[in-house]
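Given next are the chains, with one letter for each unit.
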Amino acid sequence: KGGRGDYLRRGYEEIYESQKRFWGKGFMNRIGIIGLGLLGSAVAMRLLKGKFEVKGYDTRREQIEALRAQGLIASGSIAEVAVDTDAVFIILPSLQSVEETIIGAGGLIGTAPLDCTLIQMSTISPELTRRLGASHPPQPKGSDFWMRR
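Computed from a prediction, not measured in an experiment: that's the story for all the values here. (Residues numbered from 1 in each chain as written. Predicted model: local features only at pLDDT ≥ 70, side-chain atom pairs only at ≥ 80, totals over all residues. Heavy atoms only, no water.)

Asks: Can you lay out helix α2 (residues 38–49) for me, pointing to particular residues and giving the numbers?
Replies: Spanning 12 residues, α2 covers 17 Å between terminal C-alpha atoms, matching the ideal 16 Å at 1.5 Å per step. All buried positions along α2 are accounted for by Gly40, Ser41, Val43, Ala44, Leu47 and Leu48. An end-on view of α2 places all buried positions within 160° of arc, on one side of the element. In this structure, α2 carries Leu38, Arg46 and Lys49 as exposed residues pointing more than 90 degrees from its buried face. Next to the buried residues of α2 lie β1 (30–34), β2 (53–57), α3 (61–68) and β4 (87–90). (Helix = DSSP H or I, 4+ residues; strand = E, 2+ residues; numbered from the N terminus. Expected span 1.5 Å × (residues − 1). Buried < 20%, exposed > 50% of the residue type's maximum accessible area, 1.4 Å probe, protein only. Arc of directions from axis to C-beta. Contact = heavy atoms within 4.5 Å.)

Structure, rendered in structure tokens:
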């Protein structure tokens, strides 16, 4: 009692309760990743090793297949990634691909459930950031940008 394990356990419980109060739910366990290139694959592997349920999509089928043996759930479309996930990481190589994935026809803004957190990790321009931010009004909890819908 009172050792490092108790401290860590209390820390996780506090984080869980904090997330639950903030997001209205506990830990995010079901994760989607759009873009399974070098960084996306590394993120997926890390999450899979952490026992998260990970769904992925990439336009290059071989990227998906390489991770299926590790437990990745293959998705056939952008919209399919967001179904029943708590959060979706967007890790793409170009401004155009990011814009199309988020606000284009069939993009995440129009298809992801309202409680799905969008986490954009691509390197993008300030102009695109503003366009993405303007594409969806902020939510009542003081949303930073459009990431939390």
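Asks: Go over the pattern of salt bridges with me, naming the residues and quoting the values.
Replies: Taken as a whole and judged by the stated rule, the model has 6 salt bridges. Of the charged contacts in the structure, one is a salt bridge between Glu99 and Arg131, with a shortest N-O distance of 3.0 Å. Of the two residues, Glu99 sits in helix α5 (residues 95–103) while Arg131 sits in helix α7 (residues 126–134), which places them 32 residues apart along the sequence. The partly exposed category is assigned to Glu99, whose relative accessible area is 24%. Judged by its relative accessible area of 41%, Arg131 falls in the partly exposed class. Between Arg130 and Glu127 there is a salt bridge, with the nearest N and O atoms lying 3.9 Å from each other. Here Arg130 pairs with Glu127, and both are found in helix α7, just 3 residues apart, close to one helical turn. Under the relative-accessibility criterion, Glu127 is labelled partly exposed at 45%. (Salt bridge = Lys/Arg side-chain N within 4 Å of Asp/Glu carboxyl O.)

The values are spatial; any link to function lies outside them.
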